[in-house]
Amino acid sequence: KNYMDYLSRLYEREIKDFFEVAKIKMTGTTREGKKFATLPRKESAVKQETESLHGSSGKLTGSTSSLNKLSVQSSGNRRSQSSSLLDMGNMSASDLDVADRTKFDKIFEQVLSELEPLCLAEQDFISKFFKLQQHQGTSGTTTNEVEEMDGVALSRSYTSGVPQTISSEKDMIRQMMTKIFRCIEPELNNLIALGDKIDSFNSLYMLVKMSHHVWTAQNVDPASFLSTTLGNVLVTVKRNFDKCISNQMKQMDEVKISKKSKVGILPFVAEFEEFAALAESIFKNAERRGDLDKAYIKLIRAVFVSVEKVANESQKTPRDVVMMENFHHIFATLSRLKISCLEAEKKEAKQKYTDHLQSYVIYSLGQPLEKLNHFFEGVEARVAQGIREEEVSYQLAFNKQELRKVIKEYPGKEVKKGLDNLYKKVDKHLCEEENLLQVVWHSMQDEFIRQYKHFEGLIARCYPGSGITMEFTIQDILDYCSSIAQSH
């Protein structure tokens, strides 16, 4: 009990100093007199304590020397690791702008890497010093030894001095470790809360790192103090990760768009791209990939719903443009990142982009040849009512003279003017960052030519032998579109 009380106070002071320095490095602040040499400073005190406990009898020379050897090695490692943390603190401002999250990841990993050997060395020493690692198989009389620990009486049963069960020994070691290192779990939770406050995306790094350390510790001993403590902290990290996902979905619901400017790529669509790119780099070959895949499904469905919602509410930008641009961006993101669990969503995004591109093109192209469109819509309506195509020209409203009159309203010069106005209108609707103007313009050119051929076909079938033709050709359309695109 004296050992535990002394070590508990010693470790608590040093571990709190250690975590304080880690927090300073994370936040980028400086505090005079604080250097990342706190854990190595503790080893000399631990050595003195073990020497005072063991004296010079030499009975535990092997155990204590191996512990001191580990301490010296650990001290050297910690000093080199500590200098790496200090080096991070000396990075230039431009480096930190690029590597802010990477810096956090390194510091968090450093903290876990510092604590693990410390806990393992102490556990190893406790096992050897208190004779809690003996070989089983010896039979004899059973005796009981009662030891008070943290105010609780603990009983150890022996058969000829050999522990009766391994599990009771492990329980005793874990309770002693919990007493000695009682400050580790709250300090880790405080550090995690700080990382989450600095940047909620830090929860991704913490989930991967903590999961790996828990997995490693459990492979060594699933019931150890280290496994239990890291497992408890992992629950908090997972909760923060879930909160990060929920907050992103909440922000999508609360997004407000300007009524005076065009919509462009929505903030939450760009944020999903940032999240996915970061997550893919962090979770590569990680044990917790399933957690990320579940989060992806939730996020992408929320993104799809929110894009539709904004598109329906948009006043400045046409609905088709909002849908077309944002789903094009989503499709490009998913194609680049190759996220296997989102293959279906990638195909859906491509389909939505294609559908709304076509819808926008068809809707917009009704404008330059509006009267001609209306005329031929009337022709098709008569045919649908049962009038034979070659007899449509006998209808007063759709005779040859009326057709010639409508065609004369669209000489080549007027068609080019109409197309030029259409290009300007499309340019105002589309955002620069998605760079879809030429794609849309080429689709409009193709659609215009398709409509031209459709009109030519109706003239040939409904006005056979009349010699009536449009006042511009397909080649003229190609020249107009090319000239307009180059002039803007």
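This is a predicted model, so every value here is computed, not measured. (Residues numbered from 1 in each chain as written. Predicted model: local features only at pLDDT ≥ 70, side-chain atom pairs only at ≥ 80, totals over all residues. Heavy atoms only, no water.)

**A word on the overall build of the protein**
Helix and strand content of the protein: 17 helices and three strands. Taken across its 488 residues, the protein has 47% of its residues classed as buried. Across the protein, every contact between residues at least 6 apart in sequence was considered, and the portion connecting residues at least 24 apart equals 75%. (Helix = DSSP H or I, 4+ residues; strand = E, 2+ residues; numbered from the N terminus. Buried < 20%, exposed > 50% of the residue type's maximum accessible area, 1.4 Å probe, protein only. Contact = heavy atoms within 4.5 Å.)

**Brief notes about helix H17 (residues 474-487)**
Between its terminal C-alpha atoms H17 stretches 20 Å, which fits the 20 Å expected from 14 residues at 1.5 Å a residue. Residues of H17 that are buried include every one of Ile477, Tyr480, Cys481, Ile484 and Ala485, and no others. For H17, the arc enclosing every buried residue in end-on projection is 120°, short of the 170-degree limit, so these residues lie on one face. Away from the buried face of H17 by more than 90 degrees, exposed residues Gln486 and Ser487 are located. The inward-facing, buried residues of H17 contact helix H15 (412-429) and helix H16 (437-462). (Expected span 1.5 Å × (residues − 1). Arc of directions from axis to C-beta.)

**Some thoughts on the packing of aromatic side chains**
What the rule picks out here adds up to 14 aromatic pairs. Each ring, one from Phe18 and one from Phe19, has its centre 5.6 Å from the other, and the planes form 80°; the classification is edge-to-face. Taken individually, Phe18 and Phe19 each receive the classification buried, so the pair is uniform in this respect. (Phe/Tyr/Trp six-rings, centres within 6.5 Å; stacked < 30°, edge-to-face > 60°.)

**A word on the packing of helix H8 (residues 225-254) against helix H10 (residues 289-313)**
With their axes 9 Å apart at the nearest point, H8 and H10 run at an angle of 10° to one another. Compared by their axis directions, H8 and H10 come out roughly parallel. When H8 is examined against H10, the residues Lys238, Phe241, Ile245, Gln248, Met249, Met252 and Asp253 are found in contact with a partner set consisting of Asp291, Leu292, Ala295, Lys298, Leu299, Ala302, Val303, Ser306 and Lys309. Class assignment for the residues of the contact of H8 with H10 results in nine nonpolar, two polar and five charged. (Axes fitted to C-alpha atoms, helices over the stretch in contact; angles between N-to-C directions. Parallel < 35°, antiparallel > 145°, perpendicular 65-115°, else oblique. Nonpolar A, V, L, I, M, F, W, Y, C, P; charged D, E, K, R; others polar.)

**Quick look at the state of the cysteines**
For the structure on display, the rule yields zero disulfides. No disulfide involves Cys119; its sulfur sits 9.4 Å from that of Cys183, the nearest cysteine. (Disulfide = S-S within 2.5 Å.)

**Thoughts on the environment of Met177**
Tracing the sequence through the fold places Met177 in helix H5 (residues 166-180). Taking the C-alpha atoms as reference points, Met177 and Cys119, 58 residues apart in sequence, are found 8.0 Å from one another. The contact partners of Met177, leaving out residues within four places of it in the chain, are Cys119, Glu122, Gln123, Ile126 and Phe225.

**Considerations on the side chain of Gln123**
Of note, Gln123 is situated in helix H4 (residues 93-129). Sequence-distant contacts of Gln123, that is, excluding residues within four places in its chain, are made with Ile173, Met177, Asp221, Ser224 and Phe225.

**Side note on the pattern of salt bridges**
Applying the stated criterion across every chain yields a total of 22 salt bridges. Residue Arg13 pairs with Glu14 through a salt bridge whose shortest N-O separation is 3.8 Å. The class for Arg13 is partly exposed, based on a relative accessible area of 47%. Lys371 serves as the salt-bridge partner of Glu409, at 2.9 Å between the closest nitrogen and oxygen. Residue Glu409 is located in the loop between helix H14 (400-408) and H15, and its partner Lys371 is located in helix H13 (residues 370-384); the two are separated by 38 residues in the primary sequence. A residue is classified by how much of its surface remains accessible, and Lys371, at 48% relative accessible area, is partly exposed. Look at the salt bridges and you will find they share partners, linking Glu12, Lys16 and Arg182 into a network. (Salt bridge = Lys/Arg side-chain N within 4 Å of Asp/Glu carboxyl O.)

**What about the confidence of the model for the protein?**
Here the protein averages 78 in pLDDT, and 76% of its residues register 70 or above. Between residues 30-98, whose pLDDT stays under 50, and residues either more than four places distant or in other chains, the model counts 82 contacts. Long-range and interchain partners of residues 134-164, a stretch whose pLDDT sits below 50, account for 57 contacts in this model, where long-range means more than four residues apart. (pLDDT = per-residue confidence, 0-100.)

**With respect to the environment of Ile126**
Turning to its location among the elements, Ile126 is positioned in helix H4. In the structure, Ile126 is positioned 51 residues away from Met177 in sequence and 8.6 Å away in space, judged by C-alpha atoms.

**Describing unusual backbone geometry**
Look at Lys338: it is not a glycine, yet its phi comes out positive at around 55°. A positive phi angle is found at Asn435, which is not glycine, with a value near 55°.

**Focus: the packing of helix H9 (residues 267-282) against helix H11 (residues 319-337)**
Contact geometry of H9 with H11 gives a least axis separation of 10 Å together with a crossing angle of 5°. Relative to H11, the element H9 lies roughly parallel. Across the interface between the two elements, Val269, Phe272, Glu273, Ala276, Ala277 and Glu280 from H9 touch Asn326, His329, Ile330, Thr333, Leu334, Arg336 and Leu337 from H11. Taken together, the residues of the contact of H9 with H11 sort by class into seven nonpolar, three polar and three charged.

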